[in-house]
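Letter by letter, the chains look like this.
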Amino acid sequence: MKCVTCRGPAIIDIRRHNSNFCAEHFIEQCHRQVRKAIEEFSMFEKSDKILVAVSGGKDSLAIWDLLLDLGYSVDGLYIGLGIGGYSDTSLDYARAYAKTRSLHLIEVDVPSTFGFDIPNGSRAAKRVPCSACGLSKRHLFDEEAIKGGYDVLVTGHNLDDEAAVLFGNTLHWHTEYLGRQLPVLPARDGFPRKVKPLVRLAERETAAYCIVKGIDYIVDECPMAAGNKHLGYKNALNEIEAGSPGAKHSFYFGFLDRAAEFFAAEASIDREGLGACASCGAPTTSETCAFCRLVERAGGQLPERTGVNAVSVDLGPTRSGSIQ
Amino acid sequence: MFGLSACDHVRVKVRLHNPRRDLEIEGPITIINLLARLDLNREAVLVVRDGELVPGDESLADDDAIEIRPVISGGEQ
Ligand code: SF4
Ligand SMILES: [Zn+2]
Ligand SMILES: [Zn+2]
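Residues numbered from 1 in each chain as written. Chains lettered and ligands numbered in written order. Predicted model: local features only at pLDDT ≥ 70, side-chain atom pairs only at ≥ 80, totals over all residues. Heavy atoms only, no water.

Caption draft 1: Expanded view of the coordination of the zinc ion (ligand 3). All names here are of chain A. Within the first shell, the zinc ion (ligand 3) binds the protein through Cys-277 (SG), Cys-280 (SG), Cys-289 (SG) and Cys-292 (SG), at distances of 2.3 to 2.4 Å. For the zinc ion (ligand 3), the four donor atoms are set out with angles of 107 to 114° between them, so the coordination reads as tetrahedral. Each donor residue of the zinc ion (ligand 3) belongs to the same chain, and together they define the spacing C-x2-C-x8-C-x2-C. The same class applies to Cys-277 as to Cys-280, namely buried. (Donors = N, O, S within 2.8 Å, 3.2 Å for Na, K, Ca; no water. Tetrahedral: all angles 85-135°; square planar, octahedral: opposite > 155°, others 65-115°. Buried < 20%, exposed > 50% of the residue type's maximum accessible area, 1.4 Å probe, protein only.)

And the structure:
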């Protein structure tokens, strides 16, 4: 196996690009793909204040590292979910990465701040752990990004993640989600701008990137993930990919190019009647937001708020006053 | 196909994850053939030896110790 760029010995094959790379040119390839995603979807500029959600896993540490390599200044945000030893270890990896590079890592610990953890809280609230977890993370990402005055929130979603979510949403024709499944969601009404610069890299490549760059990450899977649908979709897509390299890429990017726009109208309906959560001030279409309801049902407690997230979310019945 | 092999055979140590377990496999064998034999999808794993990636066409030799690392993570997005 020879590197497509220098003809030296290759360390990885990327079948959907029909290319093999040595370590140096593989890293170059990752840079190129991320730069392309940032430019193609106008994700952010060098002057933007960027926050990356970091889990201690391969994807989030890879994107943090890639963005730093590409000359962006980026802070990290870690959410502690109280998933036993898994959370402890993942925090260690996130901290170690930040510390060795003197980076700023914001930490929010759900159990000590909100009085519940994902395994017990989701059970009490009668929710699937991953759904309670995803909801909590999204809420806290938004809140910290707005509070810290960040222009953009970066997440480590890769090509496999996006293709799997698209697969699930298509399988069940969740048309209201299809219109929102974009690599960039603009800032609006108390939500920060959200971007996914890893959409052009597969999961195998983000893991390989960490190994080649010597970035330690948590390899073991979250104990709550076992048997969830998302993993099943990923496995199904990888079966297809094995026989037809490039299938995941064309499924996802074909959707963006040729289908996503048809679902845009439906995706914007949920913006109608957005107001501030009575309890935390976050934007919501109900009296209290989904996160505050989860905290209550999970047996936790909302801390005293300073109302940071309530800035400009005093929307009334219409959709004015978005934070840009 | 696993387990003890005749003394003129090469043996390769393989570590797997989720759940963590160790195997010994008769070699010599290329990475691609090893993954096929273990029924693992090449899209879903990387092979690592001493902290470095091992390419698919490489043949594993006597006393090689490798880790087959899954790259698929779950969870709601
Ligand atoms: S697998 Fe589920 S519970 Fe675990 S971190 Fe991911 S979303 Fe949360
Ligand atoms: Zn090269
Ligand atoms: Zn709330």
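Caption draft 2: The arrangement of the pattern of salt bridges in detail. Residue and element names in this part refer to chain A. By the definition in use, this model includes 24 salt bridges over all chains. With a closest N to O distance of 2.9 Å, Asp-13 and Arg-204 form a salt bridge. Residue Asp-13 is found in strand 1 (residues 12-14), and its partner Arg-204 is found in helix 9 (residues 203-213); the two are separated by 191 residues along the sequence. Of the two residues examined, Asp-13 and Arg-204, each falls in the buried class. (Salt bridge = Lys/Arg side-chain N within 4 Å of Asp/Glu carboxyl O. Helix = DSSP H or I, 4+ residues; strand = E, 2+ residues; numbered from the N terminus.)

Caption draft 3: Structural context of the side chain of His-25 of chain A. For His-25 of chain A, the position within the fold is in helix 1 (residues 23-40). Dropping the residues within four chain positions of it, His-25 of chain A is found in contact with Cys-3, Thr-5 and Cys-6 of chain A. (Contact = heavy atoms within 4.5 Å.)

Caption draft 4: Region of interest: the interface of chain B and chain A. At the interface, 24 residues of chain B touch 37 residues of chain A. Between chain B and chain A, roughly 2600 Å² of surface is buried when both sides are summed, and carbon and sulfur atoms account for 51% of that area. Put simply, chain B and chain A have three salt bridges between them. Salt-bridge contacts for Asp-13 of chain A lead to Arg-42 of chain B; the nearest nitrogen and oxygen are separated by 2.5 Å. (Buried area = accessible area lost by both parts, 1.4 Å probe.)

Caption draft 5: Seen up close, the coordination of the zinc ion (ligand 2). Residues and elements named next belong to chain A. In this structure, Cys-3 (SG), Cys-6 (SG), Cys-22 (SG) and His-25 (ND1) serve as the protein donors to the zinc ion (ligand 2), at separations of 2.0 to 2.3 Å. Relative to the metal, the four donor atoms surrounding the zinc ion (ligand 2) lie at angles of 94 to 115°, and the coordination shape comes out tetrahedral. In the primary structure, the donors to the zinc ion (ligand 2) are separated according to the pattern C-x2-C-x15-C-x2-H.

Caption draft 6: Inspection of the packing of aromatic side chains at higher detail. Residues and elements named next belong to chain A. Applying the stated criterion to the full structure yields six aromatic pairs over all chains. Ring centres of Phe-44 and Tyr-72 lie 5.0 Å apart, and the angle between their planes is 85°; on these two criteria the pair is classed as edge-to-face. Residue Phe-44 is located in the loop between helix 1 and strand 3 (50-53), and its partner Tyr-72 is located in the loop between helix 2 (58-69) and strand 4 (74-80); the two are separated by 28 residues in the primary sequence. Across this residue pair, the class does not change: Phe-44 and Tyr-72 are buried. Ring centres of Trp-64 and Tyr-97 lie 5.3 Å apart, and the angle between their planes is 45°; this geometry places the pair in the tilted category. Of the two residues, Trp-64 is situated in helix 2 and Tyr-97 in helix 3 (residues 84-100); the sequence distance between them amounts to 33 residues. You can call Tyr-97 buried: its relative accessible area is 3%. Cluster of aromatic residues (ring-pair linked, three or more members): Phe-167, Tyr-233 and Phe-251. (Phe/Tyr/Trp six-rings, centres within 6.5 Å; stacked < 30°, edge-to-face > 60°.)

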